Amino acid sequence: MVGPPAPGEVPGWLVVLPDSPAADRVSAALRDRAAVQAVQGLQEISHPSGRPWLLGRWSPGTMAVGEAGQVKIAVVGEHAVTADRLVREAGRLKTAADLDGLAGCLVGSSHLAASVPGQVRLQGSVTGLRRVFHARIGGATVAADRADVLADLLDAEVDAQRLAVRLLDSFSLYPLAGNPVWREVSAVPTGHYLVLEGDGRGGTLGRTAPWWTPPEPVVPMAEGAPALREALSAAVDARVRGRSLVSCDLGGLDSTSVCSLAARGSAELVAYTADGRDPMGDDVTWARRTVERLSGIEHHVIVGDRLPMVYEGLVDVDTRFDEPCPAAAFLSRWLAIPRLAAARGSPLHLTGFGGDELLAGSPAHLHSLMRTHPRLALQRVRGFAAQRPWPYRETLRQLWDNSPYRAWLARAGDQLTAAPPPQDRPTLDWGAPPRLPPWATEDAVEAVRGLIRTAARTTEPLAESRGQHIELSGMAAISRTVRQLGEVVGGFGLALSAPYYDDRVIEAGLAVRPEDRITPWRYKPLIVEAMRGIVPGESLTRRTKDEGSHEVEVGLREHRAELLALCEDSRLGRLGLIDVRAFREVCGRPLPPTLSFDALYQTAACEMWLRARESATVPG
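Residues numbered from 1 in each chain as written. Predicted model: local features only at pLDDT ≥ 70, side-chain atom pairs only at ≥ 80, totals over all residues. Heavy atoms only, no water.

**Q** With reference to specific residues and values, describe the state of the cysteines.
**A** Following the criterion strictly, the structure yields zero disulfides and no others. The cysteine cysteine 587 is free of any disulfide, with cysteine 567 supplying the nearest cysteine sulfur at 4.6 Å. Cysteine 606 takes part in no disulfide bond, and the closest cysteine sulfur to it belongs to cysteine 325, at a distance of 11 Å. Under the relative-accessibility criterion, cysteine 606 is labelled buried at 0%. (Disulfide = S-S within 2.5 Å. Buried < 20%, exposed > 50% of the residue type's maximum accessible area, 1.4 Å probe, protein only.)

Below, the structure is given as structure tokens:
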């Protein structure tokens, strides 16, 4: 199988090396690959000792470095940190663990690295929008922000067992969903940082350590809404300040809030709204109301016939993501607005990604609420059950079930091929029961089942409560897709920005009491209260959201041939992970009600990813 692309073939990357002679071979290999690929702008920052520390390609203005004595700190990404501040922080730093204070107050979304005598620390963001991968290369443990860059240095191949996990619906199953699909490459867990330190023999070892835990959800709305307003305002301001032009999505309530905050700055603001083919969609109506009440916004409506449909252009997608990306199935459609923004001259595009997971939240919080405020919980259960509707018996079963996450995960492994749960199933458990599609082979089923059973022996949930665990696992899953979309958009010279995924914004949102943040009778009440006086009052009354299923169904009908083309000489079929005949049969007709759109996205994404790998050129 052809391996990953060389670093020179990806738009942006960061490799972090230990301060050790064992890492010299890695730095030399990176320079050699850059020379072979004729890469322009290979950047390098050294340890205080003079050895290579940070190598890669990052955008101008995204890196800040401070040094004091034998300590050096770097922040790269979207931030407002100055070099002077990092110099002061470096002067106070004694060990890698001492960096927790700075990590806990940074605004924006970035990687944070420190070089102290004998240690290197590297961390990303708590959702995984900024990820950290690591691998043992020779005698050194090396880290990077892309898995495929490390895989190239290792000449690693795809791990078919891990790839089989990517066929799951849903794609947020913790902890398996985010594992790299390359052999010998690992990811730093959520809320942890990586430490590289000497092994006593001249090499280096890597270990992970926790630094972040979700906040206790005890803050009342009266305090939580101003805190969220402050955090989100700071997040948007850190990105917009000093720019003359920025662009943004303007659709649902989440992006409307970000757009309204950006409109308060001095930058020229260009907003884009997609007008789909769904006659029930009302994003454009609400967007125009918002623009009418906010001065100085240049607003563009992209009409439906100018937007590619879902599955359109599948055969032309050759983007080399470092992992299968579900958005590949509708990449041409999604990129329509960023392309226009880049053509308009915008260097930064703001989105509302992350708002749903944080602000709509999970009804699974009712499981904990039943144990602390049973009367209030029953009242809320009745409200949700009336809207969904939830069957009475199954609702009570989930409410009273006290199974730990490990037990739920083990059951999930046993039920991978069971009939999908009914659409009216309550969502009060540890998550949506994952299923493999009917075209997955027995080998794929056993591979995924084995990984789940292994994980179920030791895995702890992301939070003590079911609701917070679901929210965090959802953020991690969607942010992985947003990360990869950002890599594509970066090729246009445009930075894709998702302020809702910032650590400080997430902390402010999750700290609010679930009974205040999640209710069957109000739509996203936390952002409504937080944005009073910033978002036009009428826009805060919206209770709808365009959900896009109409475009998916139309796209499947109009571009079925492109989807069927993926069945020809299927790479997943070669690996023995799917029954190509069964997959072709499903692709050739309307999806049955028991099969979700995501199931098809996942398989298409894996197939497209494998094909794109084959076109990668790896220097000899």
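What follows picks up the thread again.
**Q** Mind laying out the pairing of strand β11 (residues 192-198), listing which residues take part and the relevant values?
**A** Relative to β11, strand β7 (residues 119-123) runs antiparallel, the two sharing four bridges. Counted as the bridge partner of glutamine 119 is glutamate 197 from β11. Pairing of β11 with strand β12 (residues 204-210), which is carried by seven bridges, proceeds in the antiparallel orientation. Residue pairing across strands places glutamate 197 opposite leucine 205, the latter belonging to β12. (Pairing = 2+ DSSP bridges. Helix = DSSP H or I, 4+ residues; strand = E, 2+ residues; numbered from the N terminus.)

**Q** Which residues make up helix α14 (residues 392-400), and what values go with them?
**A** Residues of α14 that are buried include every one of Thr395, Gln398 and Leu399, and no others. Viewed along the axis of α14, the buried residues span an arc of 100 degrees, placing them on a single side of the element. Turned more than 90 degrees off the buried face of α14, the exposed positions are Arg393 and Trp400. Packed against the buried residues of α14 are α12 (365-372), α13 (374-387) and α17 (466-490). (Arc of directions from axis to C-beta. Contact = heavy atoms within 4.5 Å.)

**Q** Describe the sheet that holds strand β15 (residues 297-302), with residues and values.
**A** Across the sheet, five strands lie side by side as β15-β14-β13-β16-β17; this open sheet has parallel pairing. Looking at which strands have only one partner, the edges of the open sheet turn out to be β15 and β17 (495-497). Across the sheet, the mean angle from the axis of one strand to that of its neighbour is 25 degrees, orientation sign disregarded. When strand β13 (residues 245-249) meets strand β16 (residues 348-350), the two strands line up parallel, connected through two bridges. Within the sheet, the bridge partner assigned to cysteine 248 lies in β16 and is leucine 350. Taken strand by strand, helix α6 (residues 221-240) contacts β13, β16 and β17, and its axis lies near 160 degrees from that of β16. (Axes fitted to C-alpha atoms, helices over the stretch in contact; angles between N-to-C directions.)

**Q** I'd love a proper account of the pattern of salt bridges, names of residues and values included.
**A** Throughout the structure, instances matching the rule amount to 47 salt bridges. Note that arginine 344 is salt-bridged to glutamate 268, the shortest N-O span being 2.8 Å. Residue arginine 344 is found in helix α10 (residues 336-344), and its partner glutamate 268 is found in strand β14 (residues 268-274); the two are separated by 76 residues along the sequence. Taking the relative accessible area as the measure of exposure, arginine 344 reaches 31% and is therefore partly exposed. Judged by relative accessible area, glutamate 268 falls into the partly exposed class, the value being 37%. Beyond isolated ion pairs, a larger network of salt bridges with shared partners links Arg146, Asp148, Arg166, Asp322, Glu323, Arg483, Glu487 and Arg613. (Salt bridge = Lys/Arg side-chain N within 4 Å of Asp/Glu carboxyl O.)

**Q** Lay out helix α15 (residues 405-414) in plain terms, naming residues and giving numbers.
**A** Think of an α-helix as 3.6 residues a turn; residues three or four steps apart then line up on the same face. Every buried residue of α15 is accounted for by Tyr405, Trp408, Leu409, Ala412 and Gly413. One side of α15 holds all its buried residues, which, seen down the axis, span an arc of 140 degrees. Of the surrounding elements, those touching the buried residues of α15 are α16 (442-456) and α17.

**Q** Hey, could you go over the packing of aromatic side chains for me, with residue numbers and the actual values?
**A** Under the counting rule described, the total for this entry stands at eight aromatic pairs. Between the aromatic rings of tyrosine 311 and tyrosine 601, the centroid separation amounts to 6.0 Å while the plane-to-plane angle is 50 degrees, which identifies the pairing as tilted. Placement of tyrosine 311 in the loop between β15 and α9 (331-334) and of tyrosine 601 in helix α25 (residues 597-614) is noted, with a sequence separation of 290 residues between them. Of the two residues examined, tyrosine 311 and tyrosine 601, each falls in the buried class. Between tyrosine 405 and tryptophan 430, the aromatic rings sit 5.5 Å apart at their centres with planes inclined by 75 degrees, giving edge-to-face as the arrangement. A residue pair is termed long-range when its members are at least 10 positions apart, and tyrosine 405 in helix α15 and tryptophan 430 in the loop between α15 and α16 qualify at 25 residues. Since its relative accessible area comes to 2%, tyrosine 405 is described here as buried. Aromatic rings pair up to connect Tyr311, Phe330 and Tyr601 into one cluster. The aromatic ring of tyrosine 193 is capped on one face by arginine 121, whose charged end is 3.5 Å from the ring centroid. (Phe/Tyr/Trp six-rings, centres within 6.5 Å; stacked < 30°, edge-to-face > 60°. Lys NZ or Arg CZ within 6 Å of the ring centre and 35° of its normal.)

**Q** Please provide a residue-by-residue account of the pairing of strand β2 (residues 43-46), values included.
**A** Note that β2 and strand β3 (residues 52-57) share four bridges and pair antiparallel. From the neighbouring strand, glutamine 43 faces β3, where its bridge partner is glycine 56. Hairpin connection from β2 to β3: five residues lie between these consecutive antiparallel strands, with glycine 50 at a positive phi of about 105 degrees.

**Q** Outline the sheet that holds strand β1 (residues 13-16), listing residues and values.
**A** Spatially, β2-β3-β1-β9-β8-β10 is the arrangement adopted by the six strands of the open sheet, whose pairing is antiparallel. Of all the strands in the sheet, just β2 and β10 (186-187) have a single pairing partner and so form its edges. Sheet topology note: the strand β8 (residues 133-137)/β10 ladder contains two bridges and is antiparallel. Its bridge partner being in β10, histidine 134 is matched across the sheet by serine 186. Across the sheet, helix α4 (residues 147-154) touches β1, β8 and β9 (140-144), and the angle it forms with β8 is around 10 degrees.

**Q** Give a detailed account of the packing of α12 against α14, specifying residues and quantitative values.
**A** At a closest axis distance of 9 Å, the pairing of α12 and α14 adopts a crossing angle of 70 degrees. As judged from the angle between their axes, α12 and α14 are roughly perpendicular. Like other packed secondary-structure pairs, α12 and α14 cross with a definite hand, here right-handed. Counted together, Leu366, His367, Met370 and Arg371 of α12 and Gln398, Leu399 and Trp400 of α14 form the full contact between these two elements. (Parallel < 35°, antiparallel > 145°, perpendicular 65-115°, else oblique. Left-handed = near helix turned anticlockwise from the far one by under 90°.)

**Q** Describe the environment of leucine 150, naming the residues involved and giving the relevant values.
**A** When you line up the elements, leucine 150 lands in helix α4. Look at leucine 150 and you get buried, because its relative accessible area is 0%. When the C-alpha positions of leucine 150 and serine 186 are compared, they lie 9.7 Å apart, and in sequence the two are 36 residues distant. The contacts of leucine 150, once residues within four sequence positions are left out, are Phe133, His134, Ala135, Ile137, Val142, Ala143, Ala144 and Val185.

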